[in-house]
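Structure at a glance
As a plain string of letters, each chain reads:
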Amino acid sequence: MVEQDTPIDAPSEFNVDVILKKFAKIFNTPSAPLEIPESQLRKLCMATREVIMSQPALPELSAPVNICGDLHGQFEDFIEQIKIVGTPPEQNYLFLGDYVDRGKRSLETICLLFAFKVKHPEKIFLLRGNHECASINRIYGFLRRM
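A brief look at the structure comes next.

Rules behind the numbers
Residues numbered from 1 in each chain as written. Predicted model: local features only at pLDDT ≥ 70, side-chain atom pairs only at ≥ 80, totals over all residues. Heavy atoms only, no water. Patch = residues over 30% accessible without salt bridge, like charges linked within 9 Å, V, L, I, M, F, W, Y side chains within 5 Å. Areas by Shrake-Rupley, 256 points an atom, 1.4 Å probe, with all protein chains shown as cover. Salt bridge = Lys/Arg side-chain N within 4 Å of Asp/Glu carboxyl O. Helix = DSSP H or I, 4+ residues; strand = E, 2+ residues; numbered from the N terminus. Buried < 20%, exposed > 50% of the residue type's maximum accessible area, 1.4 Å probe, protein only. Contact = heavy atoms within 4.5 Å. Axes fitted to C-alpha atoms, helices over the stretch in contact; angles between N-to-C directions. Parallel < 35°, antiparallel > 145°, perpendicular 65-115°, else oblique. Left-handed = near helix turned anticlockwise from the far one by under 90°. Pairing = 2+ DSSP bridges. Core = buried A, V, L, I, M, F, W, Y, C linked by side-chain atoms within 4.5 Å.

Below, the discussion takes up a nonpolar patch on the surface. Taken together, the side chains of Ile67, Leu96 and Leu127 present a nonpolar region at the surface, about 260 Å² in accessible area. In this structure, Leu96 sits in the loop between β4 (93-95) and α4 (106-119).

Following this line, the structure appears as C-alpha cells:
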C-alpha cells in the first residue's frame, strides 16, 4: 500500500479528499491494490491526531449512531458494512477500537477510518482498543507489516 514518492522531509500538499478519492476508486473492488505515498500517510496521521486532540476524551453523541467494533484489518468487510449502512456524513459512527492486526489489510482499514475522521470529525468517533498499542501490534504483526 505504501508508495515511496519523495523524501519524508520534502514538501508536499496534503488533501484528505485526494486520499478519499483513492479509496473510492477501489470501493467496488476492495481487494484491489491501493497506493498512497508514505508522505501522505504521515500527513494523514498528523491531521487525524490534531482532530482527535481537539475533541473531548469522552464524546457526547446523539442518536442515531452506528456502533462498530473489532475491525481487525478486515478491510473488505469494513467496505461492505459501509456500503450497506452508509458513509459519513450521511451516517454517524462510533468505532470501539481494535482496528488493526489479524486481517491482511490493517493499514488500509485504519487509513480509511483516519480519512473519514479528518473529513467528517463530528460524524465519526474512534475509541482506542487494546490493539492500538505497540506491544499488541508486535505480537499480532501490524508493526512488521509497516
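Turning our attention to unusual backbone geometry. Each neighbour pair has its own omega, and for Ala63 with Pro64 the value is 0°, a cis peptide bond. Here Pro64 is to be found in the loop between α2 (38-54) and β3 (66-68). The phi angle at His72 is positive, at roughly 45°, despite the residue not being glycine. Its place among the elements puts His72 in the loop between β3 and α3 (75-85).

It is worth spelling out the side chain of Thr48 at this point. Position of Thr48 relative to the elements: it lies in helix α2. Residue Thr48 is classed as buried on the basis of its relative accessible area, which comes to 1%. When neighbours within four sequence positions are excluded, Thr48 is seen to be in contact with Phe114, Lys117 and Val118.

Here we come to the packing of helix α1 (residues 16-25) against α4. At a closest axis distance of 10 Å, the pairing of α1 and α4 adopts a crossing angle of 135°. The angle between the axes of α1 and α4 places the two elements in the oblique class. Regarding α1 and α4, the two cross each other, and that crossing is left-handed. Listed contacts from α4 to Val16, Asp17, Ile19, Leu20 and Phe23 of α1 are Glu108, Cys111, Leu112, Ala115, Phe116, Val118 and Lys119.

Read from one edge to the other, the open sheet built from 3 strands follows the order β3-β4-β5, with strand pairing classed as parallel. A strand with exactly one partner marks an edge of an open sheet, and here the two such strands are β3 and β5 (124-126). Taking the axes of each pair of neighbouring strands and ignoring which way they run, one obtains an average angle of 15° across the sheet. Where β3 meets β4, 3 bridges bridge the pair, whose relative direction is parallel. For Ile67, the partnering residue across the bridge sits in β4 and is Leu94.

Most often, soluble globular proteins keep nonpolar side chains buried together rather than apart. Counting 32 residues, the largest nonpolar core has Phe95, Leu112 and Leu113 as its most contacted members. Among the elements of the structure, α1, α2, α3, β4, α4 and β5 are those that each provide at least two residues to this core.

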